[in-house]
Amino acid sequence: MKLADLAERIQAGHELSIARGLTLIEDNRPEGEALLRLLFASGGKALVVGVTGPPGSGKSTMVDRLAEIWSQNGWRTAIIAVDPSSPFTGGAILGDRIRMRQAASIPGVFIRSMGARGSLGGLASRTAEAVHLLDAAGFSRIIIETVGVGQSEVEVATLAGIVVLVHVPGLGDDIQTIKAGLMEIGDIHVVNKSDLPGADRVKAHMIAMLGMDEKRPLPPVISVVAATGEGLGEVALKIEELGQGEGQEQRRKAWSQRQLELAILNRMQGWLQDLPQEMLRDGERQIIERVASPGEVAEALIKYLLASGTK
Ligand SMILES: Nc1nc2c(ncn2[C@@H]2O[C@H](COP(=O)(O)OP(=O)(O)O)[C@@H](O)[C@H]2O)c(=O)[nH]1
Ligand SMILES: [Mg+2]
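Quick summary incoming for the structure in this document.

1. Some points on a nonpolar patch on the surface
Taken together, Leu260, Ile264 and Met268 make up a surface patch of nonpolar side chains, about 300 Å² in accessible area. Residue classification places Leu260 among the exposed positions, given a relative accessible area of 54%.

Right, dumping it as structure tokens:
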């Protein structure tokens, strides 16, 4: 199929074509990039929400509920479930888990997993591109769900317009495995599993911690029970409020800055792969023998790439 036809079908919301386009992006194929060039202008309408927190905190349960609420409102919703710990994607292992999710059977909800392939930075870049595609495909709500407790949360924050941080009781101390530096990426804080003992204490602790930052107004802290859907209406409402609220201009600016950074980094990584092995080996030898510094070798190699007209 011609790329222009594929792009047209994606814009028409054809699910099989969307899946095919996402695979091109995930495999980092040149066609994926060409496809995005055709599609990018028609995006920019979706509300992109990142949902993140420790493993087992109920992110998937919550995301599926949100998707359900949105689809009942008539908004087509796409979920990208990012799992950097899984090397399998698209079809295998994660795909099976995805099929078992509630969201998989809600009409109008599209769900897709993204596993690790290459570096974490590469994953962020591909996730960003997947969002562009889904946006152009007409999904008005896109959720990026990430597991893990560190780098991936920060990465996702830079891709999503609004970040929901999920906290839970029972993870041991009040620290909640969410590090202090990560707290500030949350636009909305959710205390899930509020049916369990200790949830009130976690909520009070979150409010106290967030209140220490005098530069920022206190973000919403909402108690929910994702398992029953309790409190998720309020989360959906807050997301809408933030999506329309002020500060969007600044968010857009930070977003575009990050998108550009990711696109540059992704290409630089491609460059590295394009370098002839023997030149790399030779560069390494020069560093070992201290004939040249790493910086000198790097600059020589970059000059070579530029001269040879690589990408
Ligand atoms: N008690 C209770 N359990 C929940 C709640 N939400 C999710 N769970 C359970 O927590 C476990 C992990 O949920 P999951 O959504 O897979 O978490 P994720 O790893 O963060 O995506 C599952 O067994 C859920 O049924 C809740 O509100 N209360
Ligand atoms: Mg999950």
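2. Remarks on the site of ligand 1
The local shell around ligand 1 holds 15 residues, among which Gly56, Lys59, Ser60, Thr61 and Asp195 are the closest. The side chain of Lys59 places a nitrogen or oxygen atom 2.8 Å from an oxygen atom of ligand 1. A per-class count over the shell around ligand 1 returns six nonpolar, six polar and three charged.

3. Examining helix 13 (residues 294-308)
With 15 residues, helix 13 ought to run about 21 Å at 1.5 Å a step, and its terminal C-alpha atoms sit 21 Å apart, in line with that. Along helix 13, the positions that sit buried rather than exposed are Val297, Leu301 and Leu305. The buried residues of helix 13 all sit within an arc of 75° when viewed along its axis, so they share a single face. Opposite the buried face of helix 13, by more than 90 degrees, sit the exposed residues Glu296, Glu299, Lys303, Leu306 and Ala307. If you follow the buried residues of helix 13, they end up packed against helix 11 (248-274) and helix 12 (277-288). Taken from the residues just after helix 13, Gly309 is the one with a positive phi, measuring 70°.

4. Remarks on the packing of aromatic side chains
The tally for this structure, following the rule as stated, stands at one aromatic pair. Seen from the ring of Phe139, Arg76 lies directly overhead, with NZ or CZ sitting 4.3 Å from the centre. Here the guanidinium or amino end of Arg141 rests over the ring plane of Trp75, the centre of that ring lying 4.0 Å away.

5. Regarding helix 11
The terminal C-alpha atoms of helix 11 lie 39 Å apart, and with 27 residues this matches the ideal 39 Å at 1.5 Å per residue to within 8%. Of all the positions in helix 11, only Arg258, Gln259, Leu262, Asn266, Gly270 and Trp271 are classed as buried.

6. Comments concerning the pattern of salt bridges
Inspection of every chain in the model, using the stated rule, returns 12 salt bridges. With a closest N to O distance of 3.1 Å, Glu33 and Arg267 form a salt bridge. Highlighted residues: Glu33 in helix 3 (residues 30-39) and Arg267 in helix 11, separated in sequence by 234 residues. For Glu33, a relative accessible area of 22% gives the class partly exposed. Residue class for Arg267 comes out partly exposed when judged on its relative accessible area of 38%. A salt bridge links Glu284 to Arg281; its shortest N-O distance comes to 3.0 Å. Taken as a pair, Glu284 and Arg281 lie in helix 12 at a separation of three residues, close to a single helical turn. Sharing partners across several salt bridges, the network here consists of Glu33, Arg37 and Arg267.

7. What to know about the sheet that holds strand 5 (residues 162-167)
Reading across from one edge, 3-2-4-1-5-6-7 is the order of the seven strands in this open sheet, with parallel pairing throughout. The open sheet has two edge strands with one neighbour each: strand 3 (109-115) and strand 7 (221-223). Neighbouring strand axes in the sheet, compared pairwise and without regard to direction, differ in orientation by 20° on average. The sheet contact formed by strand 5 and strand 6 (residues 188-191) spans four bridges and is parallel. Of the residues in strand 6, the one forming a bridge with His167 is Val191. Helix 9 (residues 199-211) rests against strand 5, strand 6 and strand 7 of the sheet, and its axis sits at about 175° to strand 7.

8. Brief notes about the nonpolar core
Nonpolar side chains in soluble globular proteins tend to end up buried together. Residues Ile18, Leu133, Leu134 and Ile142 are the most contacted members of the largest nonpolar core, which totals 38 residues. In terms of residue count, helix 6 (residues 120-136) provides more of this core than any other element does, eight residues in total.

9. Some thoughts on the pairing of strand 2 (residues 77-83)
Among the seven residues in strand 2, seven count as buried, and that is most of the element. In strand 2, alternate side chains face the same way, and those of Thr77, Ile79, Ala81 and Asp83 on one face and Ala78, Ile80 and Val82 on the other are all buried. Bridge count for strand 2 against strand 3 is seven bridges, and the pairing is parallel. The residue of strand 3 that forms the bridge with Ala81 is Ser113. Direction of pairing for strand 2 relative to strand 4 (residues 141-146): parallel, over a ladder of six bridges. Each residue of the ladder has a partner; that of Val82, found in strand 4, is Thr146.

Thresholds, definitions, all that
Residues numbered from 1 in each chain as written. Chains lettered and ligands numbered in written order. Predicted model: local features only at pLDDT ≥ 70, side-chain atom pairs only at ≥ 80, totals over all residues. Heavy atoms only, no water. Patch = residues over 30% accessible without salt bridge, like charges linked within 9 Å, V, L, I, M, F, W, Y side chains within 5 Å. Areas by Shrake-Rupley, 256 points an atom, 1.4 Å probe, with all protein chains shown as cover. Salt bridge = Lys/Arg side-chain N within 4 Å of Asp/Glu carboxyl O. Buried < 20%, exposed > 50% of the residue type's maximum accessible area, 1.4 Å probe, protein only. Near = heavy atom within 4 Å. Polar contact = N/O pair within 3.5 Å; in protein donor to acceptor, adjacent residues only side chain to side chain. Nonpolar A, V, L, I, M, F, W, Y, C, P; charged D, E, K, R; others polar. Helix = DSSP H or I, 4+ residues; strand = E, 2+ residues; numbered from the N terminus. Expected span 1.5 Å × (residues − 1). Arc of directions from axis to C-beta. Contact = heavy atoms within 4.5 Å. Phe/Tyr/Trp six-rings, centres within 6.5 Å; stacked < 30°, edge-to-face > 60°. Lys NZ or Arg CZ within 6 Å of the ring centre and 35° of its normal. Pairing = 2+ DSSP bridges. Axes fitted to C-alpha atoms, helices over the stretch in contact; angles between N-to-C directions. Core = buried A, V, L, I, M, F, W, Y, C linked by side-chain atoms within 4.5 Å.

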